[in-house]
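Structural characterization, general
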Amino acid sequence: MTVESTAARKPRRSGTKRPAGAASAAKPAAATAKTHDAEPQLVQLLTPEGVRVDVAENPDVAEFAPFVADITTDDLRGLYRDMVMTRRFDGEATALQRQGELGLWASLLGQEAAQIGSGRALRDDDYVFPTYREHGVAWCRGVDPTNLLGMFRGVNHGGWDPTTNNFHLYTIVIGSQTLHATGYAMGVAKDGADSAVIAYFGDGASSQGDVAEAFTFSAVYNSPVVFFCQNNQWAISEPTERQMRVPLYQRAQGFGFPGVRVDGNDVLACLAVTRWALERARRGEGPTLVEAFTYRMGAHTTSDDPTKYRRDEETAAWEAKDPILRLKAHLLATGAADEAYFAELEVESEAMGKRVREVVRSMPDPDTMAIFENVYADGHALVDEERAQFAAYLASFEGGE
Amino acid sequence: MAVQKLTIAKALNDSLRKALEQDPKVLIMGEDVGKLGGVFRITDGLQKDFGEERVIDTPLAESGIVGTAIGLALRGYRPVVEIQFDGFVFPAYDQIVTQLAKMHARSLGTIKMPVVIRIPYAGGIGAVEHHSESPETLFAHVPGLKVVSPSNASDAYWMLQQAILSDDPVIFFEPKRRYWDKGEVDVEAIPDALHASRVARTGTDITLAAYGPMVKVCLEAAAAAAEEGKSVEVLDLRSMSPVDFDGIQASVEKTRRLVVVHEAPVFLGVGSEIAARITERCFYHLEAPVLRVGGYHAPYPPARLEDEYLPGLDRVLDAVDRSLAY
Ligand SMILES: Cc1ncc(C[n+]2csc(CCOP(=O)(O)OP(=O)(O)O)c2C)c(N)n1
C-alpha cells in the first residue's frame, strides 16, 4: 500500500539533501498513486439498469433496506418527479445564465438522486444547512425555486427566510456551514427536541479545517447532525485524490462516529441511508457522515471550463449511471408508470420552467439605499451618517446638469 | 524585445515564470493553480513547464496552504501562494496574523519568512458574495506584513518579482477587474522600489492618491477635471504597508489638497491613516481637510448594486469639487 511506503520512509539526514531543482525527478510514487477503488463499496438499492437489488443476496444493504420498506409506487413516482423538476429547474437556470440573466450558476446536474433522496428523508422540523448547489434539497423543503436565483442574479445575498422552511441560506465560503449545523444540533440536543440537522458539503470541502472542527464538536457533544457529503469527484479542477488518501466516508471513524458510502445516483439508497442516519441522531446516538458517491456532470459553475482538466470518457462513464434514467427504467419495467405519466410530467416541468424564466426576467434590481439596510439589528450611528451623506449625494444629481 | 504590451494577467504570469526560472526554491501553491492554471489563469502553463513539485495544487484548505507555506519557508523555500478570491483568505487569517507576521520578530531576526500571498481582490466583476472584497486594511494593520497592490501591467510584473525576492511576508493584492487591462512592460527596466509611490499624472491644483483598481478611476477623473480647467495630480501609492508618506507629502506640498480614494470601507481604512499623517506633516500647507472616498460601513452589496457602491468618476470628482471649494 502506498500509505505504508510513505510511513516507512526514513528521515533524511542533512548530508543527503537534494538540490531543490532535482525534486521533480525524484518524485515519490506515493504522490501520484490512486488509493481509491474504481468501483467502491457502496450502499446500492437500485442498479444503474434500474433493477432493485436483492437484499437477501446483499447482506451489506440489509441494514438500510428496511428504511425504504414503506415506499409505495406513488412514492417512487414522487421521487422521480422531484428529480425531473429539479433537473429542469437547473437546466433553466443554466440557460438563463447563458442569456445574461444570471451572473453565475452552480449546476447540480447529476446530483439529483443524492439531493432528493436525502432531502425527502427529512422531517419538516429538521434543519438543513446547504452549501451553494443544493437546489434539489431546497425543492424538497418547499423553497420557491425562483428564490434561489436572486443571489446568482446579483440582487441579494440570500433570497429566502431560512426559518420558514428550516432551510438555511446558501453558504459560499467552503465548509463554514458544517460548524453552524453542528452548533444548531447542539442547541437541538440542549432543548431536548427530537429533530435532527443535516449539513451538506462537497468532497473538496472536507479538507477545510472547519469541517474537521465540526466533526470534532459533533462527536464530543454527540450532536444530532448528519454530515451529507456529495462526493462529485471534483473540487473545481482538483480530483478527490487531491483532497484525501482514504475513502472519504472512512474519515468519520477517526472522530468516533460512523461513516457510510452510498451510491449517490441511487435515490432509493440515498433515502434509506439518510433516514437511517437521521434516526440515529434522533435516538441520541450522535453524528453520522454520509458520503454520497456521485458525479458533477456539468462544469463546476458556469465560469468553469472542465475541458481543461477532465476527460470526456470519465463523463461518459458516469452518464451511464444517470440517476433519473435509472429510476425511469425501474418505473417502466415494473409498470409503476407509463409514457402518459412521463408526458404529463414533461408538461408540468415545462410550465415550471416558463414561470422561472418569467420571474427572473422581471426580478427588480434592489433599491440603491438597500446598501445601508440591515447592517445592524439595532442601528448604528456611522451607517446612519453614511446613508444620509449618500442620499444627499444622489439628490445632488436630480435636476442638475 | 525589452518592451512588451501585456495584460496585467499575462504580466503576472510572466513574472511568476521568471521567478520559477531564476530560483529553484520558488514554489507556487494554491487551489486549482496547476492544470487549470488558476481560476483567473494567472498560473496558466506553469505546472506544465515546471512540474507538480514546483507548481502545487493544494487541498481545498486555506489555513493549510498558508500554514504549510510557513513550514516550507522555514525549510528554505520561497512559496508564492494563491488565495482564490479575497473573501476566502479568512480561514488562513489566523496563520497569517498569528504566525507568519510574527515569526521574524519572535526569532530575534534569525528566521526569514519569504512568503508571498497573492489575492485577487476588490469588486467590479459582478460576482457573488465573498468574491469582491477589499480587506487590505486588515493586513496593513498587522505589524510584520507588507501589503502592496499594482495598478498596471509594468507594476504587476515588477512588484511581484520584488515581493518574491523580499525576505518578509508580502500580501500581494491583485485588482481583479483590471486583469485584462493592457500596458507596456519593459522587462529590462530598473523598476521603482516596491514601496515607493509613483506620480501617475502630474498636476498642480489637487492630489488624488489611490492604489490598485482605483488608480484608473482617478486618472479618468483627472482627465475629466482637466476639461474643466482643473489640474489634478494622481499618485499611485502601490504600497499600503509601508505607505510612502514622503511621496504623498511632496505632492501635497505642491498641490495643497489631498483626496484619498479606495474601494475598501472608509472607516479606519488606509485613507484614514494617510489623512491623519498628512494632516500632521502638512498642516500649514493644506488648504482643505484631507478627504476620503471609498466604501461604506456596510457589507459589500449584491452585484446589481456594486456600481453605486464603488467609488466611480462622479464620486471622485465630487470630492475634488468639495476640496477645491474650501
Ligand atoms: C474557503 C473557500 N475557498 C475557496 C473557495 C472557492 N471555491 C468555490 S467552490 C470550490 C470547490 C468546491 O469543491 P467541493 O467542496 O468538492 O464542492 P463542489 O463544488 O464540487 O460541490 C472552490 C475552491 C470558496 N468558495 N471558499
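Residues numbered from 1 in each chain as written. Chains lettered and ligands numbered in written order. Predicted model: local features only at pLDDT ≥ 70, side-chain atom pairs only at ≥ 80, totals over all residues. Heavy atoms only, no water.

1. So, the overall build of chain A
- Secondary structure summary: chain A contains 15 helices and seven strands in total.
- When burial is assessed residue by residue, chain A has 52% of its 401 residues classed as buried. (Helix = DSSP H or I, 4+ residues; strand = E, 2+ residues; numbered from the N terminus. Buried < 20%, exposed > 50% of the residue type's maximum accessible area, 1.4 Å probe, protein only.)

2. Topic: the packing of aromatic side chains
- On inspection of all chains with the given rule, the structure shows 41 aromatic pairs over all chains.
- Between the aromatic rings of phenylalanine 64 of chain A and tryptophan 276 of chain A, the centroid separation amounts to 5.0 Å while the plane-to-plane angle is 80 degrees, which identifies the pairing as edge-to-face. Highlighted residues: phenylalanine 64 of chain A in the loop between helix 2 (59–62) and helix 3 (73–98) and tryptophan 276 of chain A in helix 11 (residues 267–282), separated in sequence by 212 residues.
- On the accessibility criterion, phenylalanine 64 of chain A (5% relative accessible area) is buried.
- On the basis of relative accessibility, which here comes to 9%, the residue tryptophan 276 of chain A falls in the buried class.
- Ring centres of phenylalanine 139 of chain B and phenylalanine 173 of chain B lie 5.8 Å apart, and the angle between their planes is 65 degrees; on these two criteria the pair is classed as edge-to-face. Placement of phenylalanine 139 of chain B in helix 6 (residues 136–140) and of phenylalanine 173 of chain B in strand 7 (residues 170–175) is noted, with a sequence separation of 34 residues between them. With respect to class, phenylalanine 139 of chain B is no different from phenylalanine 173 of chain B; both count as buried.
- When the ring centre of tyrosine 341 of chain A is taken as origin, the NZ or CZ atom of arginine 77 of chain A, which lies over that ring, is 5.9 Å away.
- A cation over an aromatic ring shows up here: lysine 321 of chain A above the ring of tryptophan 318 of chain A, its NZ or CZ 4.1 Å from the ring centre. (Phe/Tyr/Trp six-rings, centres within 6.5 Å; stacked < 30°, edge-to-face > 60°. Lys NZ or Arg CZ within 6 Å of the ring centre and 35° of its normal.)

3. Some remarks on the site of the ligand
- Around the ligand, the structure places 20 residues, and the nearest of them are Tyr132, Arg133, Gly204 and Ala205 of chain A together with Glu62 of chain B.
- The ligand sits at a junction of chains, with neighbouring residues supplied by chains A and B.
- Histidine 300 of chain A is positioned with one of its side-chain polar atoms (N or O) 3.4 Å from an oxygen atom of the ligand.
- More than half of the atoms of the ligand fall within 2 Å of the grid points belonging to the second largest pocket.
- The residue makeup of the shell around the ligand, split by class, is 10 nonpolar, six polar and four charged. (Near = heavy atom within 4 Å. Polar contact = N/O pair within 3.5 Å; in protein donor to acceptor, adjacent residues only side chain to side chain. 1 Å grid on protein atoms, 1.4 Å probe; cavity = no way out; pocket = protein on both sides within 12 Å on 5 of 7 lines; lining within 4 Å. Sits in = over half its atoms within 2 Å of the grid points. Nonpolar A, V, L, I, M, F, W, Y, C, P; charged D, E, K, R; others polar.)

4. As for the confidence of the model for chain B
- Mean pLDDT over chain B works out to 98, with 100% of the residues at or above the 70 mark.
- Predicted as a complex, the structure gets a pTM of 0.93 and an ipTM equal to 0.95. (pLDDT = per-residue confidence, 0-100.)

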